[in-house]
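Chain by chain, the residues run as shown.
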Amino acid sequence: MQIRSKGELMIRGINSCGIATDEAPAAAEEEPRPSTPATPIILRQPTGNDGAALHRLVAACPPLDPNSLYCNLLQCTHFASTGIAAERAGELVGFISGYIPPAQPDTLFVWQVAVAASTRGEGLAKRMLRELLQRPATAGVRYLETTITPGNAASWALFESLARDLQAPAERQLHFERARHFGGAHDDELLMRIGPFKSPLADDTQAPEARGSPLT
Ligand SMILES: CC(C)(COP(=O)(O)OP(=O)(O)OC[C@H]1O[C@@H](n2cnc3c(N)ncnc32)[C@H](O)[C@@H]1OP(=O)(O)O)[C@@H](O)C(=O)NCCC(=O)NCCS
């Protein structure tokens, strides 16, 4: 559908996250570049240019809590080395925000994982997690932590699958509580801690303790 906006002809479309987007019109002779499941997905470190698209992606991925756009910009810049963007045909279809907590230099804390609805079930979330664990920035990481609400089956399945792949133990415990921490306005958040595992960058002689028991 085409609409007039600010005196300029714009194309109003729906991106892969189901979000309305305004884009400058393509040149008449330019071939359309439809995004299909066959289009390869590129993984890369985020930049400040991803902030607005990340904000829209998170909004389209309930039950994720939306953050301010400014917070998303910090995730894409200050924490770029522990974040990952997935792009298909120029559109942001996946993102993981994370950081290494200052008091836990051996731990990658995964803040949010978002995969556009159109791109789910292709293994993208796990691919992004594995790629993050192969970054130089995470070479010293032996544990992965994240918090998950009890009812988020997809998220539990994702991190349990990762723990199996890493052959690492996984523990869960109540972390932020509905009444005490959220004032009743949010479900409990359980902390899932995976590890120790061997860094994918380390050689076989390192971290012998990394071979843990299966997920219990
Ligand atoms: C959770 C989410 C990131 C998964 O993304 P995805 O790319 O579809 O996940 P993957 O394809 O990598 O799947 C990884 C594993 O989780 C399993 N899984 C994924 N979604 C699932 C679901 N809805 N129900 C059950 N299992 C699921 C897959 O079967 C796979 O298991 P396997 O490796 O044993 O085969 C995506 O559904 C999403 O963005 N949801 C909304 C936001 C959210 O809840 N984020 C997580 C909290 S931070």
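You'll find the structure just up there.
Analysis parameters
Residues numbered from 1 in each chain as written. Predicted model: local features only at pLDDT ≥ 70, side-chain atom pairs only at ≥ 80, totals over all residues. Buried ≥ 20, exposed ≤ 12 C-beta atoms within 10 Å, placed from the backbone. Helix = DSSP H or I, 4+ residues; strand = E, 2+ residues; numbered from the N terminus. Pairing = 2+ DSSP bridges. Near = placed C-beta within 6 Å. Nonpolar A, V, L, I, M, F, W, Y, C, P; charged D, E, K, R; others polar. Axes fitted to C-alpha atoms, helices over the stretch in contact; angles between N-to-C directions.

Peer 1: How should the pairing of strand 6 (residues 91-99) be read in this particular structure?
Peer 2: The side chains of a regular strand alternate between both faces of the sheet. In terms of burial, strand 6 is a largely internal element, seven of the nine residues being buried. Direction of pairing for strand 5 (residues 84-88) relative to strand 6: antiparallel, over a ladder of five bridges. Residue Arg88 lies in a different strand from strand 6, and its bridge partner there is Glu91. Taken together, strand 5 and the strand that follows it, strand 6, pair antiparallel across an intervening segment of two residues, in which Ala89 is found at a positive phi of about 50 degrees. Where strand 6 meets strand 7 (residues 107-115), six bridges bridge the pair, whose relative direction is antiparallel. Paired with Ser97 across the two strands is Gln112, which belongs to strand 7.

Peer 1: Explanation requested: the site of the ligand in the structure shown.
Peer 2: Lining the immediate surroundings of the ligand are 21 residues, of which Arg120, Ala125, Ala154, Ala157 and Ser161 lie closest. Every element with two or more residues in the shell around the ligand is listed here: strand 7, helix 3 (124-132) and helix 4 (153-166). Element by element, the count of residues in the shell around the ligand is highest for helix 4, at six residues. Per-class residue counts for the shell around the ligand are twelve nonpolar, six polar and three charged.

Peer 1: Mind showing me how you'd approach the sheet that holds strand 4 (residues 41-44) here?
Peer 2: Pairing between sheet strands relies on hydrogen bonds along the backbone, with the strands arranged either parallel or antiparallel. Read from one edge to the other, the open sheet built from seven strands follows the order 4-5-6-7-8-10-9, with strand pairing classed as mixed. The open sheet has two edge strands with one neighbour each: strand 4 and strand 9 (170-176). The average undirected angle you get between the axes of adjacent strands in this sheet is 25 degrees. Direction of pairing for strand 8 (residues 143-148) relative to strand 10 (residues 189-194): antiparallel, over a ladder of five bridges.

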